[in-house]
Amino acid sequence: MSTVVILGAGVMGSSMCMPLCDGGHAVSLVGTHLDDEIISAITSTGRHPKLNTAMPKGVTAFHHGDFGKAVTADTNLIVLGVASAGVGWAIDRLCEALDRPIPVVMITKGMYPEAASLTALPDHVAREVKRRKGFDLPVAAIGGPCIAGELAVKRNTGTVITSHDPKLAANLCRTLETGYYHPRPSPDVIGVEVCAAFKNFFAIAVGWAAGHREKLPPTDNNAFNHNAAAILFDQAITELMEITLALGGTAKSVWGMPGAGDLYVTCQAGRNSRLGNNLGRGLTYRQTKEGPMKGDTIEGAELGIAVASSLRAMMKEGTLNPAKVPLTRALLDALVNDAPLVIPWADLHPQG
């Protein structure tokens with residue numbers, strides 16, 4: 001039996017155990033230094049404390065110092081499920097453990113900032129391993145809407161697996177396909193990865209509408225603020241398209257599961273939306289992080305802060321038209337400068 005190693009025992013990485021084990025693979029689930037309690041709980045009870053579900057019998061849990069032991073001669077796939085801030089740490093672990101190329105598939109969401117551009121994380125990982133180890137590492141990525149708690153109980157889930165190597169993407173789709181997990185291949189690495197990362201960023205803006213409702217005068221009919229949220233969702237897709245095309249991705253990814261599909265799911269709940277709620281109530285990013293969301297990792301905010309200089313350089317150089325990304329500019333101002341999030345309504349749908 002082949003073994004798949006998952007690095008990162010958070011909810012998303014751990015939920016991937018379900019389709020892998022149902023596909024007949026043994027899984028070695030390796031935590032990061034942040035996952036010690038999770039790994040201990042799985043070892044002692046067989047249940048994941050955050051997913052609140054039993055792990056499949058084919059899963060063996062390892063603490064973060066044992067990644068090298070988990071990767072064996074039988075390992076034929078590594079899944080990277082670390083947060084974007086942990087990608088550098090994950091690259092270090094790969095370079096320590098690998099003596100041969102083993103295909104890697106990433107579920108990490110983020111982009112690597114360059115001087116006036118952005119690089120997809122799979123390309124960054126492959127580049128770094130090549131530089132340090134001297135061999136070409138096959139790296140793919142998974143995008144699209146996938147709520148970990150739903151996948152963990154085997155609800156129908158559709159994703160996109162992207163790679164510069166079409167055969168690798170197709171093979172991974174076959175490996176992961178089950179009666180409830182339905183991946184499809186895509187060659188659009190940059191498009192899928194831009195969507196996967198920036199959907200978290202734009203979900204902050206969509207979440208603003210629900211929080212701002214609390215600042216509006218009460219109405220007799222207890223009206224919600226869904227109309228405003230719809231405008232912001234539409235603008236998010238529009239600007240996601242601008243960023244994707246500017247970086248060389250395709251429109252199909254934006255309109256499909258990686259973009260519109262994943263943004264829809266992300267806006268239903270989660271930390272990015274909750275940050276938007278708080279910004280809509282009038283708090284700044286820093287006030288939110290020091291108050292109601294203290295200690296929370298908010299991937300959309302971390303992405304915005306990380307790529308702000310790159311995006312602004314792209315706007316200055318003309319590869320990204322600033323007039324076409326007003327919501328992006330407003331979000332960057334709120335996150336980087338700790339300013340109130342002011343929605344530029346008049347700039348969202350310019351006339352003529």
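The structure we're discussing is the one just above.
No experiment lies behind these values; they were computed from the predicted model shown.

Trainee: Honestly, the overall build of the protein chain in this entry has me stumped. Any pointers?
Mentor: Within the protein chain, the secondary structure is distributed over 17 helices and twelve strands. Since a compact globule built from 352 residues should have a radius of gyration of about 20 Å, the 20 Å found for the protein chain is in line with a globular shape. Its C-alpha atoms give the protein chain principal-axis dimensions of about 60 × 45 × 35 Å. Restricting to contacts in the protein chain with at least 6 residues of sequence separation, those with at least 24 account for 70%. With an accessible surface of roughly 15,400 Å², the protein chain has 53% of that area assigned to carbon and sulfur atoms.

Trainee: What's the story with the layout of surface pockets in this structure? I'm lost.
Mentor: Any empty space left between the atoms is revealed when a probe the size of a water molecule rolls over them. Taken as a whole, the largest pocket encloses approximately 1,400 Å³ of empty space. Forming the walls of the largest pocket are 48 residues, and the residues nearest its centre are Val11, Met12, Ala83, Arg271 and Glu299. Looking at the lining of the largest pocket, the elements with two or more residues in it are helix 1 (11-15), strand 10 (139-143), helix 7 (148-152), helix 9 (189-213), helix 12 (257-266), helix 13 (271-280) and helix 15 (299-317). Across the lining of the largest pocket, the residue classes tally to 20 nonpolar, 19 polar and nine charged. In this structure, the second largest pocket encloses a volume near 350 Å³. Sorting the residues of the lining of the second largest pocket by element identifies helix 9, helix 10 (226-246) and helix 13 as the ones contributing at least two each.

Trainee: Just checking my understanding: could you explain the pattern of salt bridges for this structure?
Mentor: Oppositely charged side chains can pair when the atoms bearing their charge come close. Inspection of every chain in the model, using the stated rule, returns twelve salt bridges. A salt bridge links Glu114 to Arg127; its shortest N-O distance comes to 3.1 Å. Here the residue Glu114 occupies a position in the loop between strand 8 (111-113) and strand 9 (118-120), and Arg127 occupies one in helix 6 (residues 121-133), the gap between them amounting to 13 residues. With a shortest N-O distance of 3.0 Å, Arg274 and Asp296 are connected by a salt bridge. With Arg274 in helix 13 and Asp296 in the loop between helix 14 (285-290) and helix 15, this residue pair connects regions lying 22 residues apart in the sequence. Taking the relative accessible area as the measure of exposure, Asp296 reaches 22% and is therefore partly exposed.

Trainee: Is there a simple way to explain the environment of Val59 in this structure?
Mentor: Note that Val59 resides in strand 5 (residues 59-62). Distance in space between the C-alpha atoms of Val59 and His25 is 9.1 Å, their sequence separation being 34 residues. Apart from residues lying up to four places away in sequence, Val59 is in contact with Cys17, Cys21, Val27 and Leu29.

Trainee: Any chance you could explain the sheet that holds strand 6 (residues 75-80) here in plain terms?
Mentor: Sheet strands pair via backbone hydrogen bonds, and the direction of the pair is either parallel or antiparallel. Spatial strand order, 5-2-1-6-7-10-11-12: eight strands in an open sheet with mixed pairing. At either margin of the open sheet sits one strand with a lone partner, and together these are strand 5 and strand 12 (181-186). Taken over all neighbouring pairs, the strand axes of this sheet differ in orientation by 25 degrees on average, direction set aside. Where strand 10 lies against strand 11 (residues 157-162), three bridges are found, and the strand directions are antiparallel. Paired with Ala141 across the strands is Thr162, a residue of strand 11. Against the sheet, helix 8 (residues 166-176) makes contact with strand 6, strand 7 (104-106), strand 10, strand 11 and strand 12, and its axis sits at roughly 175 degrees relative to strand 12, the strand it touches most.

Trainee: Any chance you could explain the environment of Trp345 here in plain terms?
Mentor: For Trp345, the position within the fold is in helix 17 (residues 345-348). The spatial distance from the C-alpha of Trp345 to the C-alpha of Pro326 is 9.1 Å, given a sequence separation of 19 residues. Ignoring any residue separated from it by four or fewer positions in sequence, one finds Trp345 in contact with Trp208, Ala228, Ile231 and Leu232.

Trainee: What should I look at first to understand the packing of aromatic side chains in this one?
Mentor: Two aromatic rings are characterised by how far apart their centres lie and by the angle between their planes. Within the structure shown, the criterion is met by four aromatic pairs. Note on Phe198 and Phe202: the rings are 6.4 Å apart at their centroids and 35 degrees apart in plane angle, and the pair reads as tilted. You can see Phe198 and its partner Phe202 sitting in helix 9, four residues apart, about one turn around the helix. Grouping aromatic residues by their ring pairs yields a cluster made of Phe198, Phe201 and Phe202.

Trainee: Please explain the nonpolar core as it appears in this structure.
Mentor: One recurring pattern in soluble globular proteins: nonpolar side chains tend to sit buried together. If you look at the biggest cluster of nonpolar residues, it comprises 52 residues, and the most contacted ones within it are Phe198, Phe202, Leu275 and Leu311. When contributions to this core are tallied by element, the ones reaching two or more residues are strand 9, helix 9, helix 10, helix 13, helix 15 and helix 16 (326-336). By residue number, the principal contributor to this core is helix 9, which donates 14 residues. With near-sequence residues (within four places) excluded, Phe202 lies in contact with Ala236, Glu239, Leu240, Ile243, Leu263, Leu327, Thr328 and Leu331. In this structure, Val4, Ile6, Leu29 and Ile38 belong to the second largest nonpolar core, which totals 34 residues.

Trainee: Looking at this structure, how should I read unusual backbone geometry?
Mentor: Trans is the common state for peptide bonds, and a negative phi is the common state for residues other than glycine. Non-glycine residue Lys154 carries a positive phi angle of around 65 degrees. We classify Lys154 as partly exposed; its relative accessible area is 40%. Despite not being glycine, Asp338 has its phi angle at roughly 55 degrees, a positive value. Its place among the elements puts Asp338 in the loop between helix 16 and helix 17.

Trainee: Which parts of the structure should I look at to understand the state of the cysteines?
Mentor: A covalent bond between the sulfur atoms of two cysteines is referred to as a disulfide. Counted according to the given criterion, the structure contains zero disulfides. The structure places no disulfide on Cys17, whose sulfur is separated from the nearest cysteine sulfur, that of Cys21, by 5.7 Å. Take Cys267: it sits in no disulfide, and the sulfur closest to it among the cysteines is that of Cys195, at 13 Å.

Conventions we followed
Residues numbered from 1 in each chain as written. Predicted model: local features only at pLDDT ≥ 70, side-chain atom pairs only at ≥ 80, totals over all residues. Heavy atoms only, no water. Helix = DSSP H or I, 4+ residues; strand = E, 2+ residues; numbered from the N terminus. Rg over C-alpha atoms; globule rule 2.2 N^0.38 Å. Contact = heavy atoms within 4.5 Å. Areas by Shrake-Rupley, 256 points an atom, 1.4 Å probe, with all protein chains shown as cover. 1 Å grid on protein atoms, 1.4 Å probe; cavity = no way out; pocket = protein on both sides within 12 Å on 5 of 7 lines; lining within 4 Å. Points joined across faces, edges and corners; volume = space filled by probe spheres on them. Nonpolar A, V, L, I, M, F, W, Y, C, P; charged D, E, K, R; others polar. Salt bridge = Lys/Arg side-chain N within 4 Å of Asp/Glu carboxyl O. Buried < 20%, exposed > 50% of the residue type's maximum accessible area, 1.4 Å probe, protein only. Pairing = 2+ DSSP bridges. Axes fitted to C-alpha atoms, helices over the stretch in contact; angles between N-to-C directions. Phe/Tyr/Trp six-rings, centres within 6.5 Å; stacked < 30°, edge-to-face > 60°. Core = buried A, V, L, I, M, F, W, Y, C linked by side-chain atoms within 4.5 Å. Disulfide = S-S within 2.5 Å.

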